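Read off the chains here:
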Amino acid sequence: MSAPQWKNPIVRWIDYRMPIFTLIHHDLVDYPTPRNLNYWWNFGSLAGFLLVVMIVTGVMLAMHYTPHVDLAFVSVERIMRDVNYGWLIRYLHMNGGSMFFLVVYIHVFRGLYYGSYKAPRELLWMLGVVILILMMATAFMGYVLPWGQMSFWAATVITNLFSAFPVVGESVVHWLWGGFSVDNPTLNRFFSLHYLLPFVIFGLVFLHLWALHTHKSNNPLGIDVKGPQDTIPFHPYYTAKDMFGMAVLLLVYLAFVFFAPNFFTEPDNYIPADPMVTPHQIVPEWYLLPFYAILRAVPNKLGGVVLMFASILILFVLPWLDTSKVKSARFRPIYKQLFWILVVDCIALGWVGANRPEGVYIVIGRIATAYYFVHFLILVPLVGWLERPRPLPESIGAPVLGGGGAAVGATPKPMEKA
Amino acid sequence: MRGKLMAGAAAFLFALSANPAWAVEQSRPAAQDWSFSGVFGVFDRAAQQRGFQVYQQVCAACHSLKLVHYRDLAALGYADDEVKAFAAGKEVQDGPNDAGEMFTRPALPSDHFVSPFANAQVARAANNGALPPDLSLITKARKGGADYLYALLVGYADPPEGMELMEGMSYNPYFAGRQIAMPPPLAEGAVEFADGTPATVEQMAADVTTFLAWASEPDLEERKRLGIKVILFLLVLTGLLYASKRKVWSDLH
């Protein structure tokens with residue numbers, strides 16, 4: 001992997017002073033990538049693509065949007081009706097947010113299934129969790145900007161969560177609002193931060209990639225790259241594969257944009273914000289519903305807030321909660337089952353979050369919340385000790401090149417145990 | 001694994017579509033066959049024009065349409081001078097003029113639809129305390145959209161045995177809470193359609209719903225037209241990219 005010899009004199013001149021072409025060659029062309037990555041590994045690049053789409057459409061929206069309580073709703077409708085292709089830009093941005101979360105959630109669950117958070121990729125994983133938290137904050141503040149009924153009441157509910165904290169709660173909430181209720185100062189600061197945070201995310205994505213490129217991608221077998229026979233250059237193999245994945249994503253994304261642009265949103269947000277009228281039901285966007293369900297599962301306000309934050313923060317310590325040395329769930333018969341139960345659990349939480357906290361939803365919400373924490377705090381550490389993993393293949397290249405087909409043909413390696 | 005993935009995907013899609021249920025104190029509107037639904041749907045121009053007439057002669061007495069300009073009516077197939085005439089039928093306040101006076105003038109195509117009430121307080125005072133909502137986004141701002149609006153307009157009935165209505169309220173099972181401050185707005189023959197269509201309640205309700213669906217989503221036709229081209233293009237592109245991926249990877253296996 002020596003530095004390439006550049007033939008073009010201008011490229012050579014620049015590269016000698018600032019090796020940007022060598023960097024690109026090193027990290028996007030020559031970059032050694034495990035040869036066995038499946039399609040679940042497409043979602044990282046898809047997330048990056050959507051971040052760019054969100055920033056580009058967002059910058060264009062900001063050129064026409066007015067962050068004032070009396071004008072915000074009308075300015076959004078002006079974008080929809082009078083700005084050339086304004087409806088397209090806004091629907092791309094609205095649905096892009098949903099697609100971004102969909103892709104990122106798949107990306108996170110991919111990491112959970114294949115143990116991508118384990119040594120030496122803990123920091124890579126933690127940077128990802130920070131990105132996820134910032135995405136949630138950004139999305140929440142973006143949802144407030146059109147100043148519809150759900151914007152206003154979501155802002156009221158979510159900022160009020162901080163009042164649960166003893167002593168300082170009330171002051172913190174007033175500080176967040178910039179006044180004594182959700183009002184113009186709140187809208188102004190949310191707009192400012194909604195514009196800022198995506199660029200912070202952008203910076204964190206580069207740290208995420210830096211950490212990734214230090215130890216390279218994990219892979220479906222979860223075993224280390226042993227040599228050049230296990231890898232292929234990123235270009236053309238994964239560039240071709242990522243381009244195909246991107247086209248499939250665009251098909252899904254644009255089908256929503258053009259044919260069901262309001263599928264993910266609440267009709268109430270097309271009613272201008274009215275502090276005197278509370279909507280029948282206040283619900284966040286779908287991607288925050290599981291957390292909303294956890295919040296409401298606890299009868300105590302502070303308890304709910306703490307559990308909701310804990311449900312994300314717990315991901316930071318996951319690399320140390322998981323005691324198994326085997327990464328991929330393919331070789332972990334019990335963990336594999338637990339993974340799918342967790343997926344169902346998270347979907348159940350989302351479903352509970354979408355409904356009023358009454359009757360059976362309270363019971364399901366509490367069970368699902370409890371299970372979420374049991375999974376990470378009890379089952380994951382315990383299974384790492386108790387489970388007997390299946391034998392790992394000798395190398396990534398062996399099952400592919402050996403012609404044996406699957407890991408069964410490879411000589412089992414001594415069991416890796418903690 | 002694959003089976004589980006499919007099950008997971010199905011469960012996920014189910015979760016996405018599991019919107020909050022209809023409130024118990026409200027009936028679910030029946031789905032209607034709209035000219036503008038579906039991938040190829042466009043607004044029925046004649047229905048839009050009839051619906052505009054219903055809005056003008058019935059709804060506009062109480063309901064504003066603040067986000068729509070008179071010039072937007074060109075999309076309904078009206079000629080420029082017809083649009084000018086519609087606008088000129090209303091007075092708007094303008095000014096100050098050179099003498100510093102506010103004055104009224106006939107509305108222009110560039111003006112927004114003139115609202116029936118100067119402000120919300122006047123509107124409430126004139127309507128028994130209830131505020132008639134602006135209709136600019138009505139089909140987007142209500143769960144059920146056009147189906148809901150139609151069901152509401154034709155859904156007035158006598159209250160069930162034993163139900164006490166509040167003073168000045170009407171029974172309508174499709175409205176949240178089942179009682180609505182708006183009296184039944186449409187009566188047989190309330191308007192006389194220029195094209196001779198009999199003005200039944202169902203006909204007027206369907207037409208005004210079509211008109212208001214357009215007012216809510218004036219982008220709908222262009223959006224779908226462009227969308228078909230974009231999706232067809234992407235299908236071809238996806239096929240080509242899949243073929244090239246296969247070609248690139250073929251030397252590995």
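Residues numbered from 1 in each chain as written. Chains lettered and ligands numbered in written order. Predicted model: local features only at pLDDT ≥ 70, side-chain atom pairs only at ≥ 80, totals over all residues. Heavy atoms only, no water.

Brief notes about the nonpolar core
This is how it is decided: Among buried residues, the Ala, Val, Leu, Ile, Met, Phe, Trp, Tyr and Cys ones that are joined through side-chain atoms within 4.5 Å form a nonpolar core. Buried residues are those whose accessible area, probed at 1.4 Å on protein chains only, stays under 20% of the maximum for their type, while exposed residues exceed 50% and partly exposed ones sit between those limits. An automatic or database domain assignment provides the domain bounds reported here. In this description, contact between two residues means that some pair of their heavy atoms is separated by no more than 4.5 Å.
One finds F101, L112, L254 and F376 of chain A to be the most contacted residues of the largest nonpolar core, which totals 129 residues. Two domains share this core, each providing at least three of its residues, namely domain 2 (38–282) and domain 3 (292–325 + 340–386) of chain A. Ignoring sequence-local partners within four residues, the contact set of L254 of chain A consists of L92 and F259 of chain A together with V230, I231 and L234 of chain B.

Structural notes on the interface of chain A and chain B
As a measure of interface size, the accessible area lost when the parts come together is often cited. Condition: Here the quantity called buried area is the total loss of accessible area, with a 1.4 Å probe, experienced by two parts when brought into contact, counted for both. Here a salt bridge means any side-chain nitrogen of Lys or Arg lying within 4 Å of a carboxyl oxygen belonging to Asp or Glu.
Contact residues are listed per partner, giving 51 residues for chain A and 49 residues for chain B. Approximately 4,400 Å² of surface area, both sides summed, lies buried where chain A meets chain B, with 73% of it carried by carbon and sulfur atoms. Viewed at the interface, chain B and chain A are joined by 1 salt bridge. Of the charged contacts, one joins D82 of chain A and R71 of chain B as a salt bridge, the two residues approaching to 3.7 Å between their closest N and O atoms.

Focus on the packing of helix α13 (residues 333–353) of chain A against helix α14 (residues 360–386) of chain A
All names here are of chain A. Defined as follows: Every axis in this analysis is a line fitted to C-alpha atoms, fitted for helices over the stretch in contact. Angles between the N-to-C directions lie between 0 and 180 degrees. Under the scheme used here, helices are H or I runs from DSSP no shorter than 4 residues and strands are E runs no shorter than 2 residues, and both carry numbers assigned from the N terminus. Comment on the angle field: the value is read as roughly parallel under 35 degrees, roughly antiparallel over 145, roughly perpendicular from 65 to 115, and oblique elsewhere. It is the rotation of the near helix from the far one that decides the hand of a crossing: anticlockwise by less than a right angle makes it left-handed, clockwise makes it right-handed. In this classification, the charged set is Asp, Glu, Lys and Arg, the nonpolar set is Ala, Val, Leu, Ile, Met, Phe, Trp, Tyr, Cys and Pro, and all remaining amino acids, among them Gly, are polar.
Relative to each other, α13 and α14 sit at 155°, their axes nearing to 9 Å. The angle between α13 and α14 falls in the class roughly antiparallel. By crossing handedness, the relation of α13 to α14 is classed as left-handed. In this structure, α13 uses I334, Y335, L338, F339, I341, L342, D345, C346, L349, W351 and V352 to contact α14, whose residues at the interface are Y361, I364, G365, A368, T369, Y371, Y372, H375, F376, L379, V380 and V383. Looking at the contact of α13 with α14, its residues break down into 19 nonpolar, 3 polar and 1 charged.

Some remarks on the domain arrangement of chain A
All names here are of chain A. Applicable threshold: Throughout this description, a polar contact denotes any pair of N or O atoms lying within 3.5 Å of each other; where both atoms belong to protein, one of them has to be capable of donating a hydrogen while the other can accept it, and for residues adjacent in sequence the pair is counted only when both atoms sit in side chains.
Taken domain by domain, chain A consists of domain 1 (1–30), domain 2 (38–282) and domain 3 (292–325 + 340–386). Averaged C-alpha coordinates put domain 1 and domain 2 at centres separated by 34 Å. Each side of the interface is counted separately: domain 1 has 4 residues, and domain 2 has 4 residues. Between domain 1 and domain 2, roughly 380 Å² of surface is buried when both sides are summed, and carbon and sulfur atoms account for 55% of that area. A per-residue breakdown of the area domain 1 buries against domain 2 is headed by D27, L28 and V29, which together make up 82% of the total. Counting across the domain 1 and domain 2 interface gives 0 salt bridges. Counting across the domain 1 and domain 2 interface gives 3 residue pairs in polar contact (both at pLDDT 80 or more). The class makeup of the residues in the side of domain 1 that touches domain 2 is 2 nonpolar, no polar and 2 charged.

Overview of unusual backbone geometry
The omega angle of the peptide bond from A119 of chain A to P120 of chain A is 5°, so this bond is cis rather than trans. Here P120 of chain A lies in the loop between α5 (86–113) and α6 (122–144). Of the consecutive residues G95 of chain B and P96 of chain B, the connecting peptide bond is found in the cis state with omega at 0°. The residue P96 of chain B is located in the loop between β1 (91–94) and β2 (103–106) in this model. A positive phi angle is found at Y85 of chain A, which is not glycine, with a value near 55°. We classify Y85 of chain A as partly exposed; its relative accessible area is 44%. One non-glycine residue with positive phi stands out, namely W147 of chain A, at about 55°. Tracing the chain through its elements places W147 of chain A in the loop between α6 and α7 (149–160).

Overview of the state of the cysteines
All names here are of chain B. Short version of the rule: Any pair of cysteine sulfurs within 2.5 Å is marked as a disulfide.
Evaluation of the coordinates by the stated rule reveals 0 disulfides over all chains. The thiol of C59 is unpaired, and the distance to the nearest cysteine sulfur, on C62, comes to 9.2 Å. With relative accessibility at 15%, the residue C59 sits in the buried group.

What about empty space enclosed by the protein?
Residue and element names in this part refer to chain A. So the rule is basically this: Here the term cavity refers to a set of points on a 1 Å grid, laid over the protein atoms alone, in which a 1.4 Å probe fits but cannot get out; the term pocket refers to an open set having protein on both sides within 12 Å along at least five of seven lines, with lining residues being those that place an atom within 4 Å of a point. Grid points are joined across faces, edges and corners, and a volume is the space filled by probe spheres set on the points.
Under the criterion given, the structure shown has 5 cavities of 30 Å³ or more. Lining the largest cavity are 37 residues; nearest its centre among them are M54, H93, G142, Y143 and H194. The set of elements that each furnish at least two residues to the lining of the largest cavity consists of α3 (43–62), α4 (72–81), α5, α6 and α9 (184–215). Sorting elements by how many residues they give to the lining of the largest cavity places α3 first, with 7 residues. Of the residues that constitute the lining of the largest cavity, the class distribution is 25 nonpolar, 8 polar and 4 charged.

Focus: α4 of chain A
Burial runs high along α4 of chain A: 8 of the 10 residues are buried. Where α4 of chain A is buried, its residues meet α3, α5 and α9 of chain A together with α6 (201–216) of chain B.

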